[in-house]
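Per-entry structural report
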Amino acid sequence: MSVTSVTEHTIELDGEPVFYRESAGSGRSAVFLHSVPTSSDDWLPFLGAGRALAPDLPGFGRSSKGGHLGYALADHLRFLARLLDTLRPDEAVALCGHGWGAAVALAFAQAHPGRVARVAVIDAVPLLEGFAWPRGIRRLLAPGIGELVMGSVTRRRLGRALRAGAADPQAWSEERVERVWEQFDQGTQRATLRVARSATPAGLAAAGAGLSTLRVPALIVWGERDPWLPVRWAEAYGERLGGGAVLSVARGGHWPWLEDLSVVERVTAFLAQVP
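Here we summarise the structure given alongside this text. (Residues numbered from 1 in each chain as written. Predicted model: local features only at pLDDT ≥ 70, side-chain atom pairs only at ≥ 80, totals over all residues. Heavy atoms only, no water.)

What follows deals with the nonpolar core. In a soluble, globular protein the nonpolar side chains are often hidden away together inside. Counting 52 residues, the largest nonpolar core has Leu95, Trp100 and Tyr237 as the members making the most contacts within it. Tyr237 has contacts with Leu106, Ala124, Val125, Pro126, Leu127, Leu128, Leu211, Ile220 and Trp222, leaving out every residue within four places of it along the chain. Among the nonpolar cores identified, the runner-up in size contains 35 residues, and Phe46, Ile122, Val221 and Leu271 belong to it. (Core = buried A, V, L, I, M, F, W, Y, C linked by side-chain atoms within 4.5 Å. Buried < 20%, exposed > 50% of the residue type's maximum accessible area, 1.4 Å probe, protein only. Contact = heavy atoms within 4.5 Å.)

This is the structure:
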């Protein structure tokens, strides 16, 4: 597999700075959407395999984190539409998302079916009935308490939280934790709270109401040892997405590619397939 260089860019979109990474190449473009509270840093192992784009979503990484911005699912959908209008106009892309980014990808595919050629999701926030946020997330939902919890986060506590989601805590090296910590400022803390508070279980299920109408190839990747989003949601997504292929990663946690690098090859190969 040939590897192309990855470049970094910051553009202004609707008056706000947006950071993204890009790799060149021919053929269909893959667009990678990260989860919360990380950034496009997550996708570095995936970039360079072909033509690809990985933005920092508003509120995270090096993109705008203004308090005047919205961070609900609908806001991130509008952001993605504007980003693709600017960087990938008149093109159907392959979408790949992780966690919250996977929810954005699936909601976008429903809202803009002509703009998505195929979709891969990794340990996706469920846009399905019966989902409830894990206990740790529910602590953030109460006004005041969530702010206190966020304000008390130290680098050590952040590292513990990230490692708690991994099957192998060593997958989160000190260097990897440090990169997340450097970006975990007040703006990202605020965005994280607003994402969690806006994404009610009923609202998430409503956002997935059209999943069965999607007619694009789908790949559902799941770490079998994800402590926050059990692997049963992978099969549920597979059924809703009309028999989408399910890849269970036996030794994977919430970020299954950290424990099993073969996930990177499987996902990038799927995204590159034509049609």
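It is worth spelling out the side chain of Ser29 at this point. With respect to the element layout, Ser29 can be found in the loop between β2 (16-23) and β3 (30-33). Residue Ser29 is classed as buried on the basis of its relative accessible area of 0%. A polar atom in the side chain of Ser29 sits 2.8 Å from the side chain of Arg88. When residues no more than four places from it in sequence are discounted, the contact partners of Ser29 are Arg51, Ala52, Leu53, Arg88, Glu91, Val93 and Ala94. (Helix = DSSP H or I, 4+ residues; strand = E, 2+ residues; numbered from the N terminus. Polar contact = N/O pair within 3.5 Å; in protein donor to acceptor, adjacent residues only side chain to side chain.)

Moving on: the packing of aromatic side chains. Within the structure shown, the criterion is met by eleven aromatic pairs. Relative to Trp257, the ring of Trp43 has its centre 5.5 Å away and its plane inclined at 20°; by these criteria the two rings are stacked. Remark: Trp257 occurs in helix α10 (residues 256-259) and Trp43 occurs in the loop between β3 and β4 (52-55); sequence separation between them is 214 residues. Take Trp43 and Trp257: they sit in the same class, and that class is buried. Where Trp228 meets Trp255, the ring centres are 5.8 Å apart and the plane angle is 80°; that geometry is what we call edge-to-face. Here Trp255 lies in the loop between β8 (245-249) and α10 and Trp228 lies in the loop between β7 (218-223) and α9 (232-240), a separation of 27 residues in the sequence. The class of Trp228 is partly exposed, set by a relative accessible area of 31%. Through a chain of ring-to-ring contacts, the aromatic side chains of Phe32, Trp43, Phe46 and Trp257 assemble into a single cluster. Between Arg118 and the ring centre of Phe270, over which it is positioned, the NZ or CZ distance is 4.6 Å. (Phe/Tyr/Trp six-rings, centres within 6.5 Å; stacked < 30°, edge-to-face > 60°. Lys NZ or Arg CZ within 6 Å of the ring centre and 35° of its normal.)

Okay, unusual backbone geometry next. Here the bond from Val36 into Pro37 is cis, since omega is 5°, no more than 30 degrees from zero. Phi at Asp14 is positive, roughly 55°, even though this residue is not glycine. Examined against the element boundaries, Asp14 turns out to sit in the loop between β1 (6-13) and β2. Backbone geometry at Asp123 places phi at a positive 40°, although glycine is not the residue there.

Take it as geometry only, folks, not as evidence of what the structure does.
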